Amino acid sequence: MASSSKPKRKYDVFLSFRGVDLRNNFVSHLYKVLDQNGIYTFIDREELRKGDQISPALMEAIEESCIAIIVFSEDYASSRWCLEELAKIMECKEQKDLTVLPLFYKVDPREVRGGRESYGRALAKHESKFRKDSEKVKRWKKALFDAGNLSGWHLNDGDEPELIQGIVKEISTHLDRTPLHVAKHPVGIDSQVVKLISMLNLKSDDGVLMVGIWGQGGIGKTALAKALYNAIHRQFKGSCYLANVRETSKGCRGLATLQEILLKDMLLLQQRLEVSNVDGGIKMIQRRLRYNKVLLILDDVDDLGQLNALAGNGEWFGNGSRIIITTRDKHLLTCHEIDQDHVYEVKTLDDSEAHELLSKHAFLTHKKLKIRTNLVKSVLNHAKGLPLALEVLGSFLCGRREDVWESTLNKLSRIPNKTVNDVLKISYDGLEKNEREIFLHIACFFKGWDREYVKKVLDSCGLEATIGLEILIERSLIKMEHGFEGILQIQAHDLIQLMGMDITNQECYDDPKRRSRLWSYNDVLDVLSCDKGDCAVKAIVLELPKLKEMYIGPNDFTKMRGLRLLIMRNVHNSFHGPICLPNALRWFQWVGCAPGIPEFSSGPKKLVGLDMRKCNNIPVQPNQYKDFQNLKYINFSHCKSLVRMPDLSCIPNLEELDLRNCKNLVEAHESIAYHDKLQVLNLRECSKLSVFPNVLKSKNLQALDLCDCKKFERFPDIPNKLEALKELRLRGTAIKELPASIENLVSLETMYLNFCKNLVSLPSSIYKLQNLKSLLVEHCTNFIGFPKYDDSADSSMKTILSNLRRLDLYGCNLSEIEFFENLSFFPFLRELSLGKNNITSIPTSINKRKRMSRLNVRKRHQLQEMPELPPFLNYLLADGCESVQETGDLTLVHEFVHRGLTKANISPLNQKMQVEA
């Protein structure tokens, strides 16, 4: 949407006066001095007037003026034309932001606003002609009253030339505050200005409000701030738009200079007040502006010191003031105590706006030029809605042939446009070393990757990923978005990514081995095949779209002594044999085609992450990891050759072990039972796993996944309390029971026992899992019910499984649910599934479970009756209950439906109920 709703101003000043009184003396002198000072002034020709109606040309002139000066003389009100002109001026003041300045020429302002003396006599004549209650006369009276109350000039017998000079100075000052240039084609601005005005709550004069405008470089923060200034600045006693704060504040007197400009603009001074130093300027701003309602816009702020010097806090300014700050750094706004509700994030243009902006720059002056649609789409795809890129590329391509468009696009895929890149790079230049390294890793390698995985990789390389990613988000360089299956991914604008890649390539355009990072197949191949010179490469991530062959000799990586990160995907090594890696390597991942466990030089290794998923050559040898004291993450998932788990006791810092889908894994090594730092153990879908330690003592274990380990029959004893384990997944295993020591999983929150066909019952000790929130036992076809609870076992327990929120017993072998009758069991239960069981009745006490919101009783063929249901239930699944249908006992269900449960949330018991409900 183009920003063009504000009227264009053709005239600086519109002069309204009674011609007979003043045309040949005072007004002619005023007009002459205004004209000499370059102030374009409209003065009408009275002899061209016809009748009493104000002409369309005059109305248009008023609408197209910045300022209206009304010269109230003795006989002003006697002219119906003047009064119509006045009414139009006051209307434009309200509706079109026209500045109105009255000049009382040898009349008292009270005469004007009160209808006294000559004004009273003139109005009486008008009333006699048009009737006293005429809407026309009422409009004139109101216009006189409103104008008479405005602040202006008053001349009786003073020096007219001196007054005229004063008027011209003030007009000049006002015109200096005229609208700022926003953009050549301000597309997409108006709608955002409306949102910001709503956020500013301009109708309230309670206190001072500070608002932040935040976004990446080139996204249009400055244009938006200018448009906002134009829209609202006349509503304030003083206003100031301080541009380029970041750049201007760099000099030795930079901040003091900005303080001088601020004071001059706010106070409408002809000359700057001298500010000797920043501290003195702070005191001067506080003293001069603390009672003034002002508008201050600080554009492109990048340091807290700038805010402290120019807008320290709300007490510096009068009530109703608005302070607006544009920045690339969101954390600056937080530090300045601007809450998130008052931070406006500027987004990229949507597709239609982006197309409009590109078209205005590329085709507006060459409308006959035809460019293929696919080329235009390619430019739009490159810019990704970034206004700066659309303006720069559109202007560059304007009037050029199709082959030039193609050539430009080819060039941009390798080398970013310098104008755009320089703007974006400002954000990078302001980063510290840790954040620069993280940003370049993301730009070159990790855009679109899983955030948690990337954090592990970055941390392993000696970078502080948590704070680093936070800072990059605050600086608008990256963002987090939910991707496949809700996984949080790291994303960045394509042009920001290209900027990061270009920074790396500029380390040495001609020689890739002198660059810190490599991601291109050809560059990696060149470096691996080169035996001469030092190698500066610190990281290689080669992620190919499909399988490709590459020759990598056994010692090709050892010459890269500084190599910290090596990730290979879809790369098949034509050399058959182990490769040797430098001991300094922190993270190694080779997915699918790895030639086997790599070799290292003798001595301690710094490896933190070893990821060789889908590798078919994983030998297990005694003490093979004894020198890997730093290893934290091992991923051998989908490795069909793995039969036995390696000994973990020689890897003291291991935190995560992923052996998912190792179809031939039979034995889990005893060391996992005692590992002190192991947090995550994933053995999901290890369908042959049958040997597992008899006890489990890993005190830091947080998640254990044994889902679909079809030969896993016995869960280990837990002799000691394990306070870290929160998630236990045993779905689809062959276990028949759980040990009584399960009670030692004191922090357990989720337990998956679904599809455990051999499970018959649970131990009574399960009632001691007071932190358990979800228990899933569905499709355990031999499960007959919960154990009896012995009150004497633990008299201190007043409620049983007091934190349980979800209980799923669907498709079990239950014939009764007496345990559910007792309201001390699961008192906070919200979701209950009892479907596909042999239960004939539901306990009547269910209606007292006020927190229950979801109930599933579908396919309970033996169910005889439906009791009164919980009062706040909003989801009932009850199809396939034929016995209830036969008895016709649907009354309570019908009542339940009628009291507000919608058909969308109900599966009807039968067709009859569906019709009646």
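Residues numbered from 1 in each chain as written. Predicted model: local features only at pLDDT ≥ 70, side-chain atom pairs only at ≥ 80, totals over all residues. Heavy atoms only, no water.

Caption draft 1: A look at the overall build of the protein. The helix and strand tally for the protein stands at 28 helices and 31 strands. On C-alpha atoms alone, the protein measures out to a radius of gyration of 39 Å, which is more than a quarter above the 29 Å that the 2.2 N^0.38 rule sets for 917 residues. Seen through its C-alpha atoms, the protein measures out along the principal axes to roughly 110 × 90 × 60 Å. Restricting to contacts in the protein with at least 6 residues of sequence separation, those with at least 24 account for 59%. Surface exposure of the protein reaches about 42,600 Å², of which carbon and sulfur atoms provide 46%. (Helix = DSSP H or I, 4+ residues; strand = E, 2+ residues; numbered from the N terminus. Rg over C-alpha atoms; globule rule 2.2 N^0.38 Å. Contact = heavy atoms within 4.5 Å. Areas by Shrake-Rupley, 256 points an atom, 1.4 Å probe, with all protein chains shown as cover.)

Caption draft 2: Layout of the sheet that holds strand β4 (residues 99-105). Read across the open sheet, the 5 strands follow the order β2-β1-β3-β4-β5; overall the sheet is parallel. Looking at strand neighbours, the two that pair on one side only are β2 (41-42) and β5 (153-155), the edges of this open sheet. Pairing analysis gives 2 bridges linking strand β1 (residues 11-16) to β2, with the strands arranged parallel. Following the sheet pairing, Val13 is matched in β2 by Thr41. (Pairing = 2+ DSSP bridges.)

Caption draft 3: Representation of the sheet that holds strand β9 (residues 322-327) within the structure. Ordered by their spatial adjacency, 5 strands build an open sheet running β7-β8-β9-β6-β10, and the pairing between neighbours is parallel. Every interior strand has two partners, whereas the edge strands, β7 (238-242) and β10 (343-345), have only one. Averaged over all pairs of adjacent strands, the angle between strand axes in this sheet comes to 15°, irrespective of strand direction. As paired elements, strand β6 (residues 209-214) and β10 share 3 bridges and run parallel to each other. Paired with Trp214 across the two strands is Glu345, which belongs to β10. (Axes fitted to C-alpha atoms, helices over the stretch in contact; angles between N-to-C directions.)

Caption draft 4: Spatial organisation of the packing of aromatic side chains. Tallied over the entire structure, the rule returns 30 aromatic pairs. Residues Phe445 and Phe446 carry aromatic rings whose centres are separated by 5.7 Å and whose planes lie at 65° to one another, so their mutual orientation is edge-to-face. The residues Phe445 and Phe446 share a single accessibility class, namely buried. Within the aromatic cluster, the residues linked to one another by ring pairs are Tyr767, Phe783, Phe786, Phe819, Phe820, Phe825 and Phe826. The side chain of Arg436 reaches across the aromatic face of Tyr428, ending 4.8 Å from its centre. Between Lys605 and the ring centre of Phe628, over which it is positioned, the NZ or CZ distance is 5.9 Å. (Phe/Tyr/Trp six-rings, centres within 6.5 Å; stacked < 30°, edge-to-face > 60°. Buried < 20%, exposed > 50% of the residue type's maximum accessible area, 1.4 Å probe, protein only. Lys NZ or Arg CZ within 6 Å of the ring centre and 35° of its normal.)

Caption draft 5: How the structure looks around the environment of Glu743. Relative to the helices and strands, Glu743 resides in the loop between β24 (727-729) and β25 (750-752). On the basis of relative accessibility, which here comes to 27%, the residue Glu743 falls in the partly exposed class. Once the C-alpha coordinates of Glu743 and Gly732 are considered, the two residues, 11 residues apart in sequence, prove to be 22 Å apart. Apart from the residues within four sequence positions on either side, Glu743 is in contact with Ser765, Lys768 and Leu769.

Caption draft 6: Just the side chain of Asp556, in detail. Its place among the elements puts Asp556 in the loop between β14 (539-550) and β15 (565-573). For the buried Asp556, no salt bridge is present, and the opposite-charge side chain at shortest range is Lys559, 4.7 Å distant. Excluding residues that lie within four positions of it along the chain, Asp556 makes contacts with Leu528 and Tyr551. (Lys, Arg positive; Asp, Glu negative; His and termini not counted. Salt bridge = Lys/Arg side-chain N within 4 Å of Asp/Glu carboxyl O.)

Caption draft 7: Representation of the pairing of β7 in the model. Of all 5 residues making up β7, 5 are buried, and the element is well covered by its neighbours. Burial along β7 is two-sided: the residues Gly238, Cys240 and Leu242 and Ser239 and Tyr241 are all buried. In terms of strand pairing, β7 meets strand β8 (residues 294-301) through 5 bridges, oriented parallel. Residue pairing in the sheet places Ser239 in a bridge with Leu295 of β8.

Caption draft 8: A look at the environment of Glu481. On the secondary structure map, Glu481 appears in strand β11 (residues 479-482). Residue Glu481 is classed as partly exposed on the basis of its relative accessible area, which comes to 34%. When the C-alpha positions of Glu481 and Arg451 are compared, they lie 9.5 Å apart, and in sequence the two are 30 residues distant. Non-local contacts of Glu481, meaning those with residues more than four positions away in its chain, are made with Ile487, Leu488, Gln489 and Gln491.

Caption draft 9: A look at helix α13 (residues 278-289). Helix length check: α13 (12 residues) gives 16 Å between terminal C-alpha atoms against 16 Å at 1.5 Å per residue, within 8%. For α13, the full list of buried residues reads Gly281, Ile282, Met284, Ile285 and Leu289. Down the axis, α13 shows its buried residues gathered within 165° of arc, on one side only. Set apart from the buried face of α13 by more than 90 degrees, the exposed residues are Asp279 and Lys283. Looking at the packing, one finds that the buried side of α13 touches α12 (254-267), β8 and α14 (304-310). Two or three places before Asp279, at the start of α13, stands the capping residue Asn277, its side-chain oxygen 3.3 Å from that residue's backbone nitrogen. (Expected span 1.5 Å × (residues − 1). Arc of directions from axis to C-beta. Polar contact = N/O pair within 3.5 Å; in protein donor to acceptor, adjacent residues only side chain to side chain.)

Caption draft 10: Main features of the confidence of the model for the protein. Averaged over all residues, the pLDDT of the protein is 87; the fraction at 70 or higher stands at 92%. Note that pLDDT drops below 50 for residues 1-6; the model gives that stretch 19 contacts with residues more than four away or on any other chain. (pLDDT = per-residue confidence, 0-100.)

Caption draft 11: Structural context of the pattern of salt bridges. Enumeration over the complete set of coordinates arrives at 45 salt bridges. Between Arg514 and Asp511 there is a salt bridge whose closest N-O contact spans 3.4 Å. Close ionic contact of Asp717 with Arg714 constitutes a salt bridge, the shortest N to O distance being 3.2 Å. For Asp717, a relative accessible area of 30% gives the class partly exposed.

Caption draft 12: Focus on the packing of helix α22 (residues 451-460) against helix α23 (residues 465-474). As a packed pair, α22 and α23 sit with axes 9 Å apart at the nearest point and diverge in direction by 120°. In this view, α22 runs oblique relative to α23, as classed from their interaxial angle. Judged by residue contacts, Arg451, Lys455, Leu458 and Asp459 of α22 engage Ala465, Thr466 and Leu469 from α23. Of the residues in the contact of α22 with α23, the class split is 3 nonpolar, 1 polar and 3 charged. (Parallel < 35°, antiparallel > 145°, perpendicular 65-115°, else oblique. Nonpolar A, V, L, I, M, F, W, Y, C, P; charged D, E, K, R; others polar.)

Caption draft 13: Here's a closer look at the pairing of β15. Bridge count for β14 against β15 is 8 bridges, and the pairing is parallel. What sits directly across from Glu543, in β15, is Arg569. Pairing geometry for β15 and strand β17 (residues 587-591), over 5 bridges, is parallel. The partner of Met568 across the bridge, within β17, is Trp590.

Caption draft 14: Representation of the side chain of Ser833. Tracing the backbone shows Ser833 in strand β28 (residues 831-833). Discounting chain neighbours no more than four positions away, the residues touching Ser833 are Leu807, Asp808, Leu809, Tyr810 and Asn856.

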